[in-house]
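# Report on the structure
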Amino acid sequence: MQFADTIAPWVDEAVASTPVYDLHTHLYPANFGKLMLWGIDELLTYHYLIGESIRATGIAYEKFWAMSQARQAEFIWQALFIERAPISEACRGIVTVLHRLGLDLGSKNLEEYRAYFRALKPADYIDTVLRIANVRSVVMTNDPLDPVERDIWMKNPARDPRFQAVLRIDPLLLGWPEVGQSLGTLGYDAANDLRAGSMAEIRRFLNDWIDRMGPLYVAVSLPPTWRYPHSDACTRVLDEAILPICRERNLPFAMMIGVTRQANPNMRLAGDSLAKAAVGNLERICAANSKNKFMCTMLSRENQHELAVAGRLFPNLFVFGCWWYLNNPSLIEEITRMRIELLGPSFTPQHSDCRVLDQLIYKWDHSRRIISKVLTDKFHDLSAAGWKVTRDEVYQTADAYLAGNFERFLAREIA
Ligand code: RAT
Ligand code: ZN
């Protein structure tokens with residue numbers, strides 16, 4: 001058996017020094033204007049912290065939403081960082097960001113932090129954050145049916161090669177019959193009842209946006225009640241438009257399964273819930289469309305074992321990330337451990353889901369620590385079993401998990 005003091009530093013160094021390819025975020029480059037969120041007020045008004053502050057203080061919903069964003073940020077700072085210890089994962093995230101930027105956490109002075117951010121230029125700050133977080137590419141979430149975002153794309157914005165596009169299609173799959181109307185106003189004649197000719201129009205819409213955005217994949221988030229196949233518009237649009245186009249363009253179709261939108265609408269963006277989904281639907285879509293590439297992450301902890309097993313069964317399925325309510329150290333640790341045991345080096349343990357640029361610093365700092373810890377244990381176990389672990393193997397595995405697996409899956413042609 002090798003000494004623990006050889007393997008652990010190799011893993012720590014490999015995981016810390018390997019640049020990340022962050023395969024799902026809600027971030028934008030500087031030339032996307034107000035869509036690019038950054039800085040202390042955006043950090044403090046992240047929907048995770050909004051939820052925590054309303055809960056902690058018992059403030060009336062209307063009173064909270066009546067405040068300006070600046071007042072909300074002050075309220076959250078006071079409630080979660082001054083009056084209480086910032087012990088939750090989302091609160092700790094703010095602490096990590098401020099600390100890694102070199103700000104004085106002893107002062108607890110929000111105005112001092114604001115002054116620091118006011119002096120920054122967004123484009124330069126992107127360089128700073130990507131350098132500190134050691135992230136080389138971030139994958140956006142791009143919704144052509146969002147009017148603000150669509151207007152930007154229609155102007156053919158210059159592309160920052162560090163920000164990759166993803167064609168997000170939630171309304172196109174889940175919004176029938178109403179979405180027919182929206183497509184109509186954009187010049188695509190897809191009738192609400194999906195009658196003859198509609199599918200060709202949906203395919204034309206997809207192809208036009210794939211040409212415009214150059215997305216890495218096509219993505220949707222799905223409720224736990226999603227069924228496939230099923231006698232509904234969702235299955236028809238999948239079978240007759242989305243999956244054929246993804247196949248033709250060699251784009252994976254990513255499914256993020258398990259979210260119940262607006263379980264508490266009073267919380268707005270913080271009001272979504274989750275539930276266990278039936279993994280049989282995922283297995284059926286992978287089996288029935290073996291020439292398509294699929295990506296999947298699931299929101300419920302209770303789904304994680306079945307998802308890892310599905311990953312073993314279908315080479316066309318790529319398992320990724322500890323999504324949203326799972327992006328917590330205890331859960332990342334248990335899920336990553338299990339996935340390594342079932343899937344070896346062939347998945348992506350984490351994506352950040354950042355909405356605010358600066359969050360890259362904490363989400364990757366925190367996730368890297370857990371990935372290192374689990375990987376060190378796994379290489380120790382391997383060494384104890386008699387294998388001579390090499391430094392190259394450790395670096396190769398870190399690269400596969402943080403970037404390489406995803407890139408290879410994108411490039412793969414399905415035979
Ligand atoms: O993680 C989040 O911020 C969620 O609100 C969602 O955006 C989710 O990640 C999604 O992509 O649907
Ligand atoms: Zn997301």
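In case you missed it, the structure is sitting above this.
Now for a look at the structure at hand. (Residues numbered from 1 in each chain as written. Chains lettered and ligands numbered in written order. Predicted model: local features only at pLDDT ≥ 70, side-chain atom pairs only at ≥ 80, totals over all residues. Heavy atoms only, no water.)

## A word on the packing of aromatic side chains
- Enumeration according to the criterion identifies 19 aromatic pairs in this entry.
- With a centroid separation of 5.7 Å and an interplanar angle of 80 degrees, the aromatic rings of Trp77 and Tyr113 are classed as edge-to-face. Of the two residues, Trp77 is situated in helix α5 (residues 69-82) and Tyr113 in helix α7 (residues 110-118); the sequence distance between them amounts to 36 residues.
- Here Trp77 falls in the buried class, since its relative accessible area comes to 7%.
- The class of Tyr113 is buried, set by a relative accessible area of 0%.
- For the ring pair Trp323 and Trp324, a centre distance of 5.7 Å and an interplane angle of 55 degrees mean the geometry is tilted.
- Taking the relative accessible area as the measure of exposure, Trp324 reaches 8% and is therefore buried.
- One aromatic cluster in this structure is built from Tyr21, Tyr217, Phe318, Phe406 and Phe409.
- Sitting above the plane of the Trp209 ring, Arg212 keeps its charged end 5.7 Å from the centroid.
- Its guanidinium or amino end placed over the ring of Phe409, Lys293 lies 5.5 Å from that ring's centre, counting from NZ or CZ. (Phe/Tyr/Trp six-rings, centres within 6.5 Å; stacked < 30°, edge-to-face > 60°. Helix = DSSP H or I, 4+ residues; strand = E, 2+ residues; numbered from the N terminus. Buried < 20%, exposed > 50% of the residue type's maximum accessible area, 1.4 Å probe, protein only. Lys NZ or Arg CZ within 6 Å of the ring centre and 35° of its normal.)

## Regarding the sheet that holds strand β2 (residues 135-139)
- An order of β1-β2-β3 is seen for the three strands of this open sheet, with the pairing classed as parallel. Pairing within the sheet leaves two strands with one partner each, and these edge strands are β1 (20-22) and β3 (163-164). (Pairing = 2+ DSSP bridges.)

## Here we look at the packing of helix α8 (residues 122-133) against helix α17 (residues 359-384)
- The interhelical angle for the contact between α8 and α17, taken along N-to-C directions, is 5 degrees, at an axis separation of 9 Å. With respect to α17, the element α8 is oriented roughly parallel. Counted together, Val129, Leu130, Ile132 and Ala133 of α8 and Leu360, Ile361, Trp364 and Arg368 of α17 form the full contact between these two elements.
- Its residues assigned to classes, the contact of α8 with α17 shows seven nonpolar, no polar and one charged. (Axes fitted to C-alpha atoms, helices over the stretch in contact; angles between N-to-C directions. Parallel < 35°, antiparallel > 145°, perpendicular 65-115°, else oblique. Contact = heavy atoms within 4.5 Å. Nonpolar A, V, L, I, M, F, W, Y, C, P; charged D, E, K, R; others polar.)

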